[in-house]
Amino acid sequence: MGQGNETVVTEFILEGFSGLNQRLQLFLSLVFLLIYLTTVMGNATIIFLVCVDNRLQIPMYFFIGNLAFLEICFTSCTSIKLLVILSSGRRTISVSACFVQSYFYFALGCKEFILLVVMSFDRYLAICQPLRYAAIMTQQLCILLVVAAWVAGFTFMSYHLVLLSKLTFCGSNKIQHFFCDNSPLFQLSCSDTNLLWRIDSVLILFILLGSLCLTLSSYVCILFCILRMPSRRKKAFATCSSHLTSLAIAFGSCLDLYSHPSERVSLETNKLVALLNTVLYPFLNPFIYSLRNKLVVLVLKDAIAHTKAQLFPQS
């Protein structure tokens, strides 16, 4: 495909980490493959346990199970293409596939931030309003909140496809990233992207800052409730601190990625920061939200023991 100014781009080349030598890229592909498989298996295990064990069929674990499913979808959206790039060197992606990847990345991310708000509100009710918790967080409300989060994420981010459709590409087709993120697409476009970038940034920051404020509000209320507790402070503090660590990675990386004008963004730095929320964050979530939980560990041990008994019955 020609690179002249009059040539319309029909496919992109995702440069990824092309500056690294081939051996290092292959090594990274193995590392990321291990992380990806661990992420999928860890989140799939949580989904399985929540579905099959009655002890985990309460609102908190219902939301965690949905978060686990979301993390599988979110990390698969970018990690699979990254693994292909690093392992085989196949870097091309069609314009339409690029736009679809970008849409799902932002829609799933939006849905996740909404779900984090719901989960923080659930924890607030459980810790600060324990007597009213069961009456408020009914099964119907839990399902409604999750469905609303999915619908809102995909509906609200439909504007993103509209903005992408306004872009024209007639020069270089090399994207200096491992997936179709906003900044490299805006920088690559030969359209005037100032207005489009402003609209996109305002909406993304509205979602990020809005969900961050609501989530932090719930945790601040939880903190004050914990300080008034005569007992169980240590356990509650440990749970909240691990959750806040996870939130710091998610919100911190996204604010760093999407709070700057696209022309001022360092794409090399962007790639490294993007690894935090596309690879590291989904990898850590099963351990932060579930596998450190004593009840989840107990249910997992019981499931393993039951499976062993079924596969290797004693004579």
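Look up a bit, the structure's there.
Since we're looking at a predicted model, the values are computed, not measured. (Residues numbered from 1 in each chain as written. Predicted model: local features only at pLDDT ≥ 70, side-chain atom pairs only at ≥ 80, totals over all residues. Heavy atoms only, no water.)

Draft legend 1. Highlighting the state of the cysteines. According to the stated counting rule, one finds three disulfides in the structure shown. Sulfur-sulfur distance for the disulfide between cysteine 98 and cysteine 180 comes to 2.0 Å. On the sign convention where negative means left-handed, the S-S torsion of about -125° between cysteine 98 and cysteine 180 marks this disulfide as left-handed. Here cysteine 180 lies in the loop between β3 (174–175) and α7 (182–188) and cysteine 98 lies in helix α3 (residues 95–128), a separation of 82 residues in the sequence. Residue cysteine 98 is classed as buried on the basis of its relative accessible area, which comes to 0%. Note on cysteine connectivity: cysteine 128 is disulfide-linked to cysteine 225, with sulfurs 2.3 Å apart. Taking the sign of the S-S torsion, about 130° here, the bridge from cysteine 128 to cysteine 225 comes out right-handed. Taken as a pair, cysteine 128 in helix α3 and cysteine 225 in helix α8 (residues 194–227) lie far apart in primary sequence, 97 residues in all. Of the two residues, cysteine 128 and cysteine 225, both sit in the buried class. Should the bonded cysteines of the protein be numbered as they appear in the sequence, the pairing reads 1-4, 2-6, 3-5. Here cysteine 77 is not disulfide-linked; the sulfur of cysteine 73 is the nearest cysteine sulfur, at 9.3 Å. (Disulfide = S-S within 2.5 Å. Helix = DSSP H or I, 4+ residues; strand = E, 2+ residues; numbered from the N terminus. Buried < 20%, exposed > 50% of the residue type's maximum accessible area, 1.4 Å probe, protein only.)

Draft legend 2. The packing of aromatic side chains, seen in detail. Counted under the stated rule, the structure contains 19 aromatic pairs. Note on phenylalanine 17 and phenylalanine 178: the rings are 5.9 Å apart at their centroids and 20° apart in plane angle, and the pair reads as stacked. Placement of the pair is phenylalanine 17 in the loop between β1 (11–14) and α1 (22–52) and phenylalanine 178 in the loop between β3 and α7, with a sequence separation of 161 residues. By the burial criterion, phenylalanine 17 is buried, and phenylalanine 178 matches it. (Phe/Tyr/Trp six-rings, centres within 6.5 Å; stacked < 30°, edge-to-face > 60°.)

Draft legend 3. Structural detail: the pairing of β1. Only one face of β1 is buried: it carries Phe12 and Leu14, and the other face, with Glu11 and Ile13, is open. Both β1 and strand β2 (residues 92–94) contribute to a ladder of three bridges, which runs antiparallel. The residue of β2 that forms the bridge with isoleucine 13 is threonine 92. With two bridges joining them, β1 and β3 adopt parallel strand pairing. Across the sheet, isoleucine 13 pairs through a bridge with lysine 174, a residue of β3. (Pairing = 2+ DSSP bridges.)

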